[in-house]
Amino acid sequence: MNTLAVIAVLSDKVLDVGALRMTDQSETRRRSVIERWFPERHLYHRIAGGEVRGHVLTPAKQMMAALAVLAFGGWTLVASGGFLFDLSVRANASDAISQSRAASERLNADLQARLDSAVVRMSATNGSLDDMAQMVERRHAALTQVMGMFHGVEGAEAALKPAPMARPNDAPLRRILAVRMDQERLIARAEDFAQSRAERLRLAFRLAGLNPAAYAPQGAGLGGPLVEAKDPRALAAIMDVDEPFAVRIRHAADNLNDMRGLADAAESLPFDRPTQARTTSGFGVRFDPFNGRPALHQGQDFAAPLNTPIYATAPGVVSFVGVRSGYGNVVEIDHGRGFKTRFAHLNATAVQPGQAIALGQRIGAMGTTGRSTGVHLHYEVWMDGRPQNPARFMKAGDQLVQ
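Owing to the predicted nature of the structure, the values given are computational and were not obtained by experimental measurement.

### A few points about the packing of aromatic side chains
The tally for this structure, following the rule as stated, stands at 5 aromatic pairs. Residues phenylalanine 271 and phenylalanine 393 carry aromatic rings whose centres are separated by 6.0 Å and whose planes lie at 35° to one another, so their mutual orientation is tilted. With phenylalanine 271 in the loop between helix H7 (243–267) and strand E3 (278–281) and phenylalanine 393 in helix H8 (residues 390–401), this pair connects stretches of sequence that are 122 residues apart. Per residue, the accessibility class of phenylalanine 271 equals that of phenylalanine 393, and both read buried. For phenylalanine 393, a relative accessible area of 1% gives the class buried. Pairwise contacts between aromatic rings join Phe205, Tyr215, Phe271, Phe339 and Phe393 into one cluster.

### A closer look at unusual backbone geometry
Although it is not a glycine, arginine 337 sits at a positive phi angle of roughly 55°. Tracing the chain through its elements places arginine 337 in the loop between strand E9 (328–336) and strand E10 (339–349). Residue arginine 337 is classed as partly exposed on the basis of its relative accessible area, which comes to 48%. Positive phi is not limited to glycine here, since histidine 345 has a value of about 65°. Following the sequence through the fold, histidine 345 ends up in strand E10.

### Observations regarding a nonpolar patch on the surface
Judged by side-chain polarity, Phe72, Trp75, Val285 and Leu296 come together as a nonpolar surface patch covering roughly 370 Å² of accessible area. Note on placement: phenylalanine 72 falls in helix H2 (residues 59–125). The class of phenylalanine 72 is partly exposed, set by a relative accessible area of 46%.

The rules behind these values
Every chain is numbered on its own, with residues counted from 1 as its sequence reads. Per-residue local features of the predicted model are confined to residues with pLDDT of at least 70, and side-chain atom pairs are confined, for both listing and counting, to 80 or more; whole-chain, interface and lining totals are unaffected and use all residues. Derived side-chain values reflect all non-hydrogen atoms in the structure, with water molecules and hydrogen atoms excluded from consideration. Pairing of aromatic rings covers Phe, Tyr and Trp, the last through its six-membered ring, and needs centres within 6.5 Å; plane angles under 30 degrees mean stacked, over 60 mean edge-to-face, and all others mean tilted. Put simply, DSSP marks the helices as runs of H or I at least four residues long and the strands as runs of E at least two long, and each gets a number from the N terminus on. Here the term buried applies to any residue with accessible area under 20% of the maximum for its type, exposed to any over 50%, and partly exposed to those in between, with areas from a 1.4 Å probe on protein chains only. Exposure above 30% relative accessible area and no salt bridge define the residues that can form patches, which grow by joining like charges within 9 Å and nonpolar side chains of Val, Leu, Ile, Met, Phe, Trp and Tyr within 5 Å. Methods summary: accessible areas were calculated by the Shrake-Rupley approach with a probe of 1.4 Å, and residue burial reflects only the protein chains presented. Here, a salt bridge means any Lys or Arg side-chain nitrogen found within 4 Å of an Asp or Glu carboxyl oxygen.

Nothing here speaks to function; it is geometry throughout.
Encoded structure:
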């Protein structure tokens, strides 16, 4: 039994020695790979007086430098990609507006040519004034309803102002034709006005990284026959006008409906600026000012003197006022539709939880509370629980102002 015990102990020691050898071999192999890629390097430089000094670049230091270069390269690629994406969105939106305007101009030219042809035929054959007058009256009734849709829209009254009436001593045919030509001009302006406004709003939403279709009204919010008559032929029958005129009315109504829906949505989204101070740091990966390591910056920083006023970027309800770790004094506003804004490092707050906030209302003052290296505002925009780039929303706001 003693002999067996000795043999067992020796076997255990042999196994332990084998395991240590395997561990040493794997460690040696790992070190050889690191040394192959990052061998120890020595740098020498001569200083004043002819003295030579040397520096040792260990594998660990070289690995840290390589990681920093990779992080900086990745951040550069992400930033460049975002910039190119913004340029692409602007170019595509501008092309869409140009194409829409060109199509509208072609349609107007075609209808004007038809009108001129009808005038020539009518003058040559001395057609029925009663038929022409009835058509003009029906179109006038339809136009009255279309113009009513634009009531309250800024700039619409001046853009859709009727032309002066024909002189009373003109021939009846000339007066009827003058009214009809003014009707063509008004419907063309109504189309262009609604389409231009809708395209500008769609462009603003795309600049913010949002899908305009998700915020446009799903059903027509207009009154009368325009609610049910999606088919131009049905609309022409209901409004008792010719089909080409009904097509143009439908087009203007659709764009106006989209314009109103997007405008209503834009009023509740954080498209405004919290302050006019200069931007010091944007959204994305950056080097943390405290530890120097790459980290995601989830907002945008603005620098200005202490107690610079901070304003709400959209109407909403205050959901939080207090201190958050790293943020210092914070105000958070819920704007509905899944949007929330956060204002951090404040020196003072001017609102209470549950308080209704209007666009542009003062909510606090700039400070340097929390994890901060100086007086500034840290501003975040969240959508459905995810941080967004605030610069996109401010670009959209600039587009709406234009």
